[in-house]
Amino acid sequence: MSSAAMSSLKEICRGLPLYPLPENRGRRKGIPHAPVRTPNLTAQEKKLALRNALRYFPPEIQKKLALEFAEELRLYGHIYMYRFFPEIEMRAYPIGEYPCKTKSAAAIMLMIMNNLDPSVAQFPQELVTYGGNGQVFSNWAQFWLAMHYLSEMTEEQTLVMYSGHPLGLFPSHHCAPRLIITNGMVIPNYSSRDEYERLFALGVTMYGQMTAGSYCYIGPQGIVHGTVLTVLNAGRRYLKAEDLSGKVFVTSGLGGMSGAQAKAAVIAGCVGIIAEVDEAALLKRHKQGWLMEISNNLDHCIARLRDARKNKIALSLGYHGNVVDLWERLVHELDTTGELLVDLGSDQTSCHNPFNGGYYPVQLSFEEAKQLLSTNPGKFRTLVKESLKRQVAAINRLADKGMFFWDYGNAFLLEAQRAGADLVKRGANKTEFRYPSYVQHIMGDIFSLGFGPFRWVCTSGDPQDLATTDSIAMSVLEESIRQGVSTSVKQQYHDNIRWIREAGRHSLAPVVLSRDHHDVSGTDSPYRETSNIYDGSALCADMAVQNFVGDAFRGATWVALHNGGGVGWGEVINGGFGLVLDGSKEAEERAKMMLSWDVSNGVARRCWSGNDYAYETICQAMKENATLKVTLPHKVMRCDELPSTGLWALKAIQLLGPVVPTR
């Protein structure tokens, strides 16, 4: 590392640069920027937002900053404090180069800088990592303060973060987490989308997505694993195929998380056609080697699709255009040739945020849509709803002919139904649609077996270290197979071994340390992670909150609890962790204690809800650990097992219905 870079790392640890103030360069050109927000603040609320921003600065500086902050609020709907955008090359530096007192603090700093790396972050100057509005911090003053606190932190202190705001360092003890994060913890009755826009503009809360505001993001590679498993298992379930060569997967989105789809399609061996309206996102994924080809011509896309399908060539083709046009063109091909050209379909637009840049309507070009969003958000909303209905209409036509479509947990089906699209599933509960979520049909049972996309990242930044950890992981899985496991578990082990091998071949670079919350127990999300919970508790968030609390006192380096994530604000609660493993005996004990709880918590909840896989898994876990005692559900009587006499029996039969599922 150069002395200049080391000096820069020291600079960002010194706190807010005030004397002298850095030059205000405003929004930088040449990088993507977040859409303009429209919080509709009153005059009094605008003053409050300004006061809230200025309180980070001493009085003698406030006058100079007040006008520019007010202008940011007027132009962009939020005060990002562009003046304080750091000059340092923002990336994850090797852990040993951070000027900190503890490894834990250095690891957290590394994670923060990775989340804001321009090659990783979606809108780096607005502190958005992914998903259109997944914030790392609310403004740049918070970044500077957090980095300063982390550089000063000892093993007897804990940094507390309130929705991006560093509340401060508080005395604790060496076994406690070094960092506690909460994001978006708004009183439930006020956790609406419109209220969020107002509160975010005021600078008092923040949408941290799942891994942006918890400093756990590692780029699209963080979700490639889960996406590969989803596509492979979709092929097994829907197409009865282990080999996906020649099968076509159509979807949309090449942003932060959705960018994984192109790479996953190739690893799975199929033909992936992914639509994306933002040319910058397409070019970014192509430059990174995640996307093989780009075209803005639908005729060319259909020709390439036919060729790759016929010759069984693994392909990732990015269509620069609106996914509605792509779906409608596939319907046209069906109508004119009688040929169904798509086997599997999904969507990964940021539809959790459809009216603020997460989804762009087909009626307008990308630039026209961005302009309308800032000038007439009401009209933009109307066009989005019309576009969603058109998209679903095309999907329905293709699905009727044999295409299999699933919701990828981005709230696409939820928002499309709210827009009036035909997605009703007769006799279903309120969280079910005409098409399943990928958790319901694909990943849910995998979660119930205790599997989830945990991630490890080498903080040294050395590719050889990553290869070593890959080798260790594969050897553990292979040894488990040799010792004997159930067929369902064995398949997951083999899929994971395949993933590790293929990841190395596809140049997935090492980054940093942590995991996604999207797993067995981290998230309560009725339209995604817990969409296969059928005992009525899918709307309850005890599991995620218990996950957060339990991880905190079992050894996690840091823990986070978020409102929102993936499916959107007010739709999800997720709790997650970061864990630094340094090879010490203490780290080993922390990992055993914390990871065991983290998985068992979710499996036990899924068992109680009636999942047979989870029942078997938690019973096996109790056999292996005598201190684990879980309440198991009893088999519930079927109607034909009930006594046939008495009024109570008749009422019970009416209540229970024709068949009551066992477990």
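Bear in mind the structure is a predicted one, so any value in this text is a computation, not a measurement.

Novice: Please clarify how the environment of Asn 410 should be interpreted in this entry.
Specialist: The residue Asn 410 is located in the loop between strand S11 (404–405) and helix H15 (412–418) in this model. By relative accessible area, which is 7% here, Asn 410 ends up buried. It is 7.8 Å that separates the C-alpha atoms of Asn 410 and Gly 568, two residues lying 158 residues apart in sequence. Residues in contact with Asn 410, not counting those within four places in the same chain, are Asp 347, Gln 348, Thr 349, Cys 351, His 352, Gly 566 and Val 567. A distance of 2.8 Å separates a polar side-chain atom of Asn 410 from the backbone oxygen of Thr 349.

Novice: Teacher, can you tell me more about unusual backbone geometry here?
Specialist: Backbone geometry follows two general trends: most residues other than glycine have a negative phi, and most peptide bonds adopt the trans configuration. Each neighbour pair has its own omega, and for Tyr 19 with Pro 20 the value is 0°, a cis peptide bond. One can find Pro 20 in the loop between helix H1 (3–12) and helix H2 (43–54). The phi dihedral of Asn 40 falls on the positive side, at around 55°, and the residue is not glycine. The phi dihedral of Lys 312 falls on the positive side, at around 55°, and the residue is not glycine.

Novice: Hey, could you run me through the pairing of strand S9 (residues 315–320) in this one?
Specialist: Within a regular strand, side chains alternate between the sheet's two faces. Buried residues dominate S9, accounting for 5 of its 6 residues. Both strand S7 (residues 271–276) and S9 contribute to a ladder of 6 bridges, which runs parallel. Opposite Gly 272, over in S9, you have Ser 316 as the bridge partner. With 3 bridges joining them, strand S8 (residues 293–295) and S9 adopt parallel strand pairing. Residue pairing in the sheet places Glu 293 in a bridge with Leu 317 of S9. What joins S8 to S9 is helix H10 (residues 298–311), and the crossover it makes is right-handed.

Novice: Just checking my understanding: could you explain the packing of aromatic side chains for this structure?
Specialist: Describing an aromatic ring pair means giving the distance of the ring centres and the angle of the ring planes. One pass over the full model with this rule turns up 24 aromatic pairs. Ring geometry for Tyr 80 versus Tyr 82: centroids 5.6 Å apart, planes at 40°, classification tilted. Accessibility assignment for this pair places Tyr 80 and Tyr 82 in one class, buried. Taking 5.0 Å as the distance between ring centres and 5° as the angle between the ring planes, the aromatic pair formed by Tyr 238 and Phe 404 counts as stacked. Separated by 166 residues along the polypeptide, Tyr 238 in helix H7 (residues 221–238) and Phe 404 in strand S11 bring together distant segments of the chain. In this structure Phe 404 comes out as partly exposed when scored by relative accessible area, which is 30%. The rings of Phe 85, Phe 137, Trp 140, Phe 143, Trp 144 and Tyr 215 are connected pair by pair, giving a single aromatic cluster. A cation sits over an aromatic face here: Lys 263 above Trp 290, 5.9 Å from the ring centre.

Procedures and definitions
Residues numbered from 1 in each chain as written. Predicted model: local features only at pLDDT ≥ 70, side-chain atom pairs only at ≥ 80, totals over all residues. Heavy atoms only, no water. Helix = DSSP H or I, 4+ residues; strand = E, 2+ residues; numbered from the N terminus. Buried < 20%, exposed > 50% of the residue type's maximum accessible area, 1.4 Å probe, protein only. Contact = heavy atoms within 4.5 Å. Polar contact = N/O pair within 3.5 Å; in protein donor to acceptor, adjacent residues only side chain to side chain. Pairing = 2+ DSSP bridges. Right-handed = clockwise from strand over helix to strand, strands pointing away. Phe/Tyr/Trp six-rings, centres within 6.5 Å; stacked < 30°, edge-to-face > 60°. Lys NZ or Arg CZ within 6 Å of the ring centre and 35° of its normal.

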